[in-house]
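Fold and contact review
One-letter residues, chain by chain:
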Amino acid sequence: MSEKKDKYEAGFGSDALKNPQRVVFVTKKVSAKVKGDVGKQLMAYPHLLLREAIAFQVLGIAIVIVALFWDAPLEQLANPLLTPNPAKAPWYFLGLQELLHYFPPLVAGIIIPTLVVMALIVIPYFNVNIQPEPLWEKNRTKHLREFLFVLVVLGVFLGIFKAWTVLVPTLAMGVLVVFSYLAAPGANRWREFMRTRTVSWWVMTWFIVVALVLTIVGTFFRGPGWSWVWPWRAHGF
Amino acid sequence: MSANVSKTSEAAMQWLRNTRVWKSIFRRGPAYTNRTRSLAIFGNLFLHWLPVKVREKALRVRASYYLGSISFHLFLVLIATGVLLMFYYHPAAPQAYRDMKDLRFVVSNGVFLRNFHRLAAQLMVVAVFWHMFHVFYRGGYRPPHEFNWVVGVLLLLVTLFLSYTGYLLPWDQLAFWAITVGSNIISAMPFVGKKARFLLLGGNVVGENALLRFYVLHCVILPLLALGLVGVHFWRVQKDGGLTVNKKDEREER
């Protein structure tokens, strides 16, 4: 036991050989109560395990059925002398490849992906993402001004680089944000939903929409020399 | 008739669970009490990272759509089919491509095996992305889950890299040029770009060395890394108090 300053202070033992004793003081003023309620609980065995097993089996059957009919592609033997046009990365990197079409490789290939990964990692460490306060709850005009400033700067930046496939979904999201600002409280369910979104919700949704558009465009709408093609007219399909 | 069969099989299982052999393997008898049901979880090496009890709300399909589970299940079937594919594969050019042809025309169910592995791999990328976005919209990254979110982001990167390294292995035109395009991006890194690409490819262009490196990464290093991170990820879910049950679920109760 460490030296106590007065006789009511709790001491902390640092001697590993001694078993510490725990003492509970019950005062008369406070009655015992349960803090927080986790709600109904079920035993993981069998309730969770059974559900996991069913999920696994349904998934397995679904993959087997699709794999029976959908053949994995196999092209000609790799030939470094014969470059296909366009040469495409795997589909989940085609958003990045679409960015490469507009921006220099350092920006599209290194800086943007690094920023995205860093942004994802730091999400839980910023209070703006923790407090569930809607964007238009307080300081409405100030927030609107800030938002319009960001939108214009982003729009001009994307316009200079002629990055249309990023600009169009960004502007569409911008229109939605303005719409959510104008929505009256309790008008209908959808408007109420838009009105009560948080900043982090808007940023993430913007990111997902842009990433989806870029990936779809890169996969289906890009042909020789990364030119725009309509998938129903493209030759290779 | 069928009622009789199920009754008999139930009785047989009950007898089996009470045998000395069963008890010696599972360290318990039948799980008829909550104590033995708890033992079934924490007395089992392969289940001990699961919580003994789960909130009913966290079990509902809408709470997770089982996206995390599905990602893990896909990982398991990918290991199983991947090991089978390894029996028929040589990481050498152009033998790797000939092995693809063998899988198609010689090996029994070779086409199915490769289809299954490829489909599950594509689905895993989708499932992991979907899982992350779903967790985000539910606020599942909030304290005390911050670090598990970070582990999840790392798992997403490992998943993408696993898929990417697997992409080269068939050694056809599709594989070769996809990896060439991807690895050219790396060389845009300031100062170390060329060196980093050389390290990844084992040369200045995608060649035999790159195939071998991607094979080792794909079959050994990245799966082990993923397995370790998945362990941390699951363990932290339990330690951090289970799935996030948000206000929406609370409201439904009333």
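Just so it is clear, the structure is predicted and the values come from calculations on it, not from any experiment. (Residues numbered from 1 in each chain as written. Chains lettered and ligands numbered in written order. Predicted model: local features only at pLDDT ≥ 70, side-chain atom pairs only at ≥ 80, totals over all residues.)

All right, on to the packing of helix α1 (residues 44-69) of chain A against helix α8 (residues 110-137) of chain B then. Where α1 of chain A contacts α8 of chain B, the axes come no closer than 8 Å and their chain directions differ by 120°. In terms of orientation, α1 of chain A lies oblique with respect to α8 of chain B. At the point where α1 of chain A passes α8 of chain B, the crossing takes the right-handed sense. Of α8 of chain B, the residues touching α1 of chain A (which contributes Ile63, Val66, Ala67 and Leu68 of chain A) are Phe112, Asn115, Phe116, Leu119 and Ala120 of chain B. Considering only residue class, the contact of α1 of chain A with α8 of chain B consists of eight nonpolar, one polar and no charged. (Axes fitted to C-alpha atoms, helices over the stretch in contact; angles between N-to-C directions. Helix = DSSP H or I, 4+ residues; strand = E, 2+ residues; numbered from the N terminus. Parallel < 35°, antiparallel > 145°, perpendicular 65-115°, else oblique. Left-handed = near helix turned anticlockwise from the far one by under 90°. Contact = placed C-beta atoms within 7 Å. Nonpolar A, V, L, I, M, F, W, Y, C, P; charged D, E, K, R; others polar.)

All names here are of chain B. The interhelical angle for the contact between helix α7 (residues 95-105) and α8, taken along N-to-C directions, is 115°, at an axis separation of 6 Å. Residues Asp102, Leu103 and Arg104 of α7 pack against Gly110, Val111, Leu113 and Arg114 of α8. Class assignment of the residues belonging to the contact of α7 with α8 gives a composition of three nonpolar, one polar and three charged.

Right, let's get into the environment of methionine 194 of chain A. Residues and elements named next belong to chain A. By the secondary structure assignment, methionine 194 is in helix α7 (residues 189-195). The spatial distance from the C-alpha of methionine 194 to the C-alpha of valine 23 is 53 Å, given a sequence separation of 171 residues. Among residues more than four places away in sequence, those in contact with methionine 194 are Leu176, Phe179, Ser180 and Ala183.

To continue, consider the interface of chain A and chain B. Contact residues are listed per partner, giving 53 residues for chain A and 63 residues for chain B. Secondary structure elements with two or more residues in the side of chain A that touches chain B: β1 (41-43), α1, α3 (105-122) and α8 (199-220) of chain A. With 14 residues, the top contributor of residues to the side of chain A that touches chain B is α1 of chain A. Grouping the amino acids of the side of chain A that touches chain B by side-chain chemistry returns 38 nonpolar, nine polar and six charged. Looking at chain direction, β1 of chain A and strand β1 (residues 53-55) of chain B are connected through three bridges and run antiparallel. The residue bridging glutamine 41 of chain A from the neighbouring strand is arginine 55 of chain B, located in β1 of chain B. (Pairing = 2+ DSSP bridges.)

It is characteristic of soluble globular proteins that their nonpolar side chains tend to be buried jointly. Core analysis: the largest hydrophobic core is formed by 67 residues, its most contacted members being Leu74, Ala120, Met124, Leu168, Trp171, Ala175 and Ala178 of chain B. The dominant element in this core, judged by the number of residues it contributes, is α8 of chain B, at 13 residues. Excluding anything up to four places from it in sequence, alanine 175 of chain B contacts Ala78 of chain A together with Tyr167, Leu168, Leu169 and Pro170 of chain B. Residues Ala44 and Tyr45 of chain A together with Ala40 and Ile41 of chain B belong to the second largest nonpolar core, which totals six residues. (Core = buried A, V, L, I, M, F, W, Y, C linked by C-beta atoms within 7 Å. Buried ≥ 20, exposed ≤ 12 C-beta atoms within 10 Å, placed from the backbone.)

Moving on to the confidence of the model for chain A. Of all residues in chain A, 87% have pLDDT values of 70 or greater, and the mean over the chain is 87. Summarising per-element confidence for chain A, the mean pLDDT is lowest in helix α4 (residues 127-130) of chain A (86) and highest in α8 of chain A (95). (pLDDT = per-residue confidence, 0-100.)

This paragraph deals with the environment of glutamine 97 of chain A. Residue placement: glutamine 97 of chain A occurs in helix α2 (residues 94-102). You can call glutamine 97 of chain A buried: it has 26 C-beta atoms within 10 Å. Apart from residues no more than four positions distant in its own chain, glutamine 97 of chain A is found in contact with Lys88, Ala89 and Gly218 of chain A together with Val181 of chain B.

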